[in-house]
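For reference, the chains in residue letters:
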Amino acid sequence: MTIQLPGAGGALRTYEPRTEPLAVTPGTPFTSRTVFSAAHVVADPFADVSPDSPAAVDWDATLAFRRHLWSHGLGVAEAMDTAQRGMGLDWAGAAELIRRSAAEAKAVGGRIACGVGTDQITGGSLAEIRAAYEEQLALVEESGAQAILMASRALAAAATGPEDYLDVYGHLLRQAAEPVVLHWLGPMFDPALAGYWGSADLDAATDTFLEVIAAHPDKVDGIKVSLLDAQREIDLRRRLPQGVRCYTGDDFNYPELIAGDEQGFSHALLGIFDPLGPLAAQAVRILDTGDTAGFRALLDPTVELSRHLFQTPTRFYKTGVVFLAWLAGHQAHFTMVGGLQSARSLPHFARAYELADGLGLFPDPKLAEDRMKTLLALYGVTR
């Protein structure tokens with residue numbers, strides 16, 4: 001079993017795939033950390049749509065993938081960035097995804113939290129932005145899911161300073177029925193969110209973020225930070241009020257942040273746990289026993305793959321996530337809503353395949369190899 005993989009310079013090299021996957025077994029629920037995987041959506045490959053059309057979703061395959069994550073004890077963070085929210089999946093599609101996934105979670109006993117944003121509008125006044133948030137918050141609460149208040153492109157464009165963020169978020173938190181997760185998504189994931197919390201100075205933005213939480217600690221379950229800066233996350237979590245959790249969204253430094261230090265640790269809400277689900281779950285169960293070294297030994301080797309998938313432009317990491325789901329047999333095709341399968345290069349795919357295979361992520365290595373060869377042939381690699 002060998003395969004010819006192209007490098008960045010175009011030259012082919014021989015790679016020998018694994019013959020057996022990593023041995024991973026389901027286990028008991030986690031006890032030391034709360035862990036969510038943000039989950040991707042599976043496109044309907046037979047829908048006659050264009051990249052500008054509303055998303056055509058294969059609901060059966062999409063929900064089956066969520067059952068896969070739940071079966072390993074992971075929570076599902078639904079209708080988030082990983083689900084191509086704002087990059088192919090509009091609010092109508094996200095609303096349907098929330099309804100269906102929340103119902104499925106109830107049916108199988110899975111944990112779910114859903115993204116609340118303002119993507120039904122592209123701009124507007126602060127009052128219109130608040131109303132858009134309220135509409136989505138109501139839908140998520142009616143579904144029975146926990147709410148994740150996501151960063152808003154419209155608010156980033158309309159806000160004139162920190163006081164506007166304090167006003168909008170304070171209004172939403174006062175009316176939230178249950179504690180929510182606040183989500184700070186950095187501009188590397190979405191350039192339209194630059195200067196969020198009222199300042200391009202991250203120290204000043206952090207102060208505003210913490211002011212929002214301090215004013216409503218009973219309405220904030222936790223924060224999800226996606227700034228790809230481990231020390232900033234550590235400093236921020238040390239300043240959180242008692243009882244407010246930090247969910248790492250740092251796909252570059254997650255093992256050390258989840259493991260923590262003598263002053264605390266981060267829980268997790270990560271896009272990289274979409275392809276890493278079973279392995280990540282096994283690592284957390286090892287951590288539950290107090291074996292931090294064993295946890296790091298299993299999870300540290302995955303960072304190279306994660307950094308590869310999330311390399312700049314970081315927002316296109318979803319392409320690699322869906323690519324690996326196809327190779328792993330979780331879906332029958334490599335097609336994405338919005339045509340986003342075109343967002344990464346063949347050398348990028350080749351390296352992602354090699355790294356994932358090396359970790360033993362593919363339940364059927366031969367299937368993954370055959371599908372990789374099919375992709376290579378489509379690009380003109382015939383040997």
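Up top is the structure.
As a starting point, this report considers the structure included with it. Just so it is clear, the structure is predicted and the values come from calculations on it, not from any experiment. (Residues numbered from 1 in each chain as written. Predicted model: local features only at pLDDT ≥ 70, side-chain atom pairs only at ≥ 80, totals over all residues. Heavy atoms only, no water.)

## Notes on the overall build of the protein chain
Heads up, the rule is: Helix and strand assignments come from DSSP, with helices taken as H or I runs of at least 4 residues and strands as E runs of at least 2, each series counted from the N terminus. We compute the radius of gyration over the C-alpha atoms and compare it with the globule rule, which gives 2.2 Å times the number of residues raised to the power 0.38. Accessibility here uses a 1.4 Å probe with only protein chains present; expressed as a share of the type maximum, an area under 20% marks a residue as buried, one over 50% as exposed, and anything in between as partly exposed. Contacts are assigned to residue pairs that have any heavy atoms within 4.5 Å of one another. Here the accessible surface of atoms and residues is derived via Shrake-Rupley with a 1.4 Å probe, and residues count as covered only by protein chains that are part of the display. The charge count treats Lys and Arg as positive and Asp and Glu as negative. His and the chain ends do not count. Charge coordinates come from a single atom per side chain, which is NZ of Lys, CZ of Arg, CG of Asp or CD of Glu.
Looking only at helices and strands, one finds 14 helices and 10 strands in the protein chain. The C-alpha radius of gyration computed for the protein chain amounts to 20 Å, which stays within 12% of the reference 21 Å derived for 383 residues, consistent with globular compactness. Oriented by its inertia axes, the alpha-carbon framework of the protein chain measures out at about 60 × 50 × 45 Å. Here the protein chain, with 383 residues, has 57% of them falling under the buried criterion. Contacts spanning at least 24 positions in sequence make up 70% of the contacts within the protein chain whose residues lie at least 6 apart. When the accessible surface of the protein chain is totalled, it reaches about 14900 Å², and 51% of it is carbon and sulfur. With 31 positive and 47 negative side-chain charges, the protein chain shows a spacing of 4 Å between the two charge centroids.

## So, the pairing of strand 8 (residues 220–226)
To keep things clear, this is the line we draw: Here, a strand pair is defined by DSSP locating no fewer than two bridges between the strands. Every crossover in which the path from the first strand over the helix to the second runs clockwise, viewed with the strands pointing away from the viewer, is termed right-handed.
In terms of burial, strand 8 is largely enclosed, as 7 of its 7 residues are buried. Direction of pairing for strand 7 (residues 180–185) relative to strand 8: parallel, over a ladder of 6 bridges. Within strand 8, the position partnered with valine 181 by the bridge is glycine 222. Between strand 7 and its parallel partner strand 8, the chain crosses via helix 6 (residues 202–215), and the hand of that crossover is right-handed. In the classification by handedness, the crossover that spans strand 8, the intervening helix 7 (residues 230–237) and the parallel strand 9 (residues 245–248) is right-handed.

## Here we look at the packing of helix 5 (residues 162–175) against helix 6
Put simply, the rule is: Note on definitions: angles span 0 to 180 degrees between N-to-C directions of axes, and those axes are lines fitted to C-alpha atoms, for helices only across the stretch in contact. Working definition: roughly parallel below 35 degrees, roughly antiparallel above 145 degrees, roughly perpendicular at 65 to 115 degrees, and oblique for all remaining angles. Handedness of a crossing is defined here by the sense of rotation of the near helix relative to the far one, left-handed for an anticlockwise turn of less than a right angle and right-handed for a clockwise turn. Ten residue types, Ala, Val, Leu, Ile, Met, Phe, Trp, Tyr, Cys and Pro, are classed as nonpolar, four, Asp, Glu, Lys and Arg, as charged, and the remainder, Gly among them, as polar.
Relative to each other, helix 5 and helix 6 sit at 25°, their axes nearing to 10 Å. When the axes of helix 5 and helix 6 are compared, the pair comes out roughly parallel. As for how helix 5 packs across helix 6, the hand of that crossing is right-handed. For the pair helix 5 and helix 6, contact is made by Pro162, Leu166, Tyr169 and Leu173 and by Thr208, Glu211 and Val212, respectively. By residue class, the composition of the contact of helix 5 with helix 6 is 5 nonpolar, 1 polar and 1 charged.

## Describing the environment of glycine 249
With respect to the helices and strands, glycine 249 occurs in the loop between strand 9 and helix 8 (254–259). Between the C-alpha atom of glycine 249 and that of aspartate 48, which follows or precedes it by 201 residues, the distance is 35 Å. With residues near it in sequence (within four places) discarded, glycine 249 still touches Phe189, Lys224, Val225, Ser226, Leu228, Glu233, Leu269 and Leu270.

## A closer look at the environment of valine 321
Tracing the backbone shows valine 321 in helix 12 (residues 317–327). The exposure class assigned to valine 321 is buried, which follows from its relative accessible area of 0%. Distance in space between the C-alpha atoms of valine 321 and glycine 271 is 8.2 Å, their sequence separation being 50 residues.

## Some points on the sheet that holds strand 4 (residues 75–78)
In space, the 8 strands of this closed barrel follow the order 3-4-5-6-7-8-9-10, with parallel pairing throughout. Between one strand axis and the next, the sheet turns through 25° on average, direction left out of account. Judged from the 3 bridges that link them, strand 3 (residues 35–38) and strand 10 (residues 267–270) form a sheet pairing that is parallel. Bridging across to strand 10, serine 37 finds its partner in leucine 270. Taken strand by strand, helix 1 (residues 59–71) contacts strand 3, strand 4 and strand 5 (112–116), and its axis lies near 140° from that of strand 4. Set on the sheet, helix 3 (residues 126–143) makes contact with strand 5 and strand 6 (146–149); between it and strand 5 the angle comes to about 165°.

## Some remarks on the pattern of salt bridges
Note the following rule: Basic side-chain nitrogens of Lys or Arg form a salt bridge, by our definition, when they fall within 4 Å of a carboxyl oxygen of Asp or Glu.
Counted by the stated rule, this structure contains 20 salt bridges. Between arginine 232 and aspartate 229 there is a salt bridge, with the nearest N and O atoms lying 3.9 Å from each other. On the basis of relative accessible area, arginine 232 is assigned to the partly exposed category, the value being 21%. Note that lysine 373 and glutamate 369 form a salt bridge whose closest N and O atoms lie 2.9 Å from each other. Of this pair, lysine 373 and glutamate 369 both sit in helix 14 (residues 365–378), 4 residues apart, which is roughly one turn of that helix. Looking at lysine 373, the relative accessible area reads 35%, which means it is partly exposed. Overall, the relative accessible area of 2% leaves glutamate 369 in the buried class. By sharing partners, the salt bridges in this structure join Arg13, Glu304, Arg351 and Glu354 into a single network.

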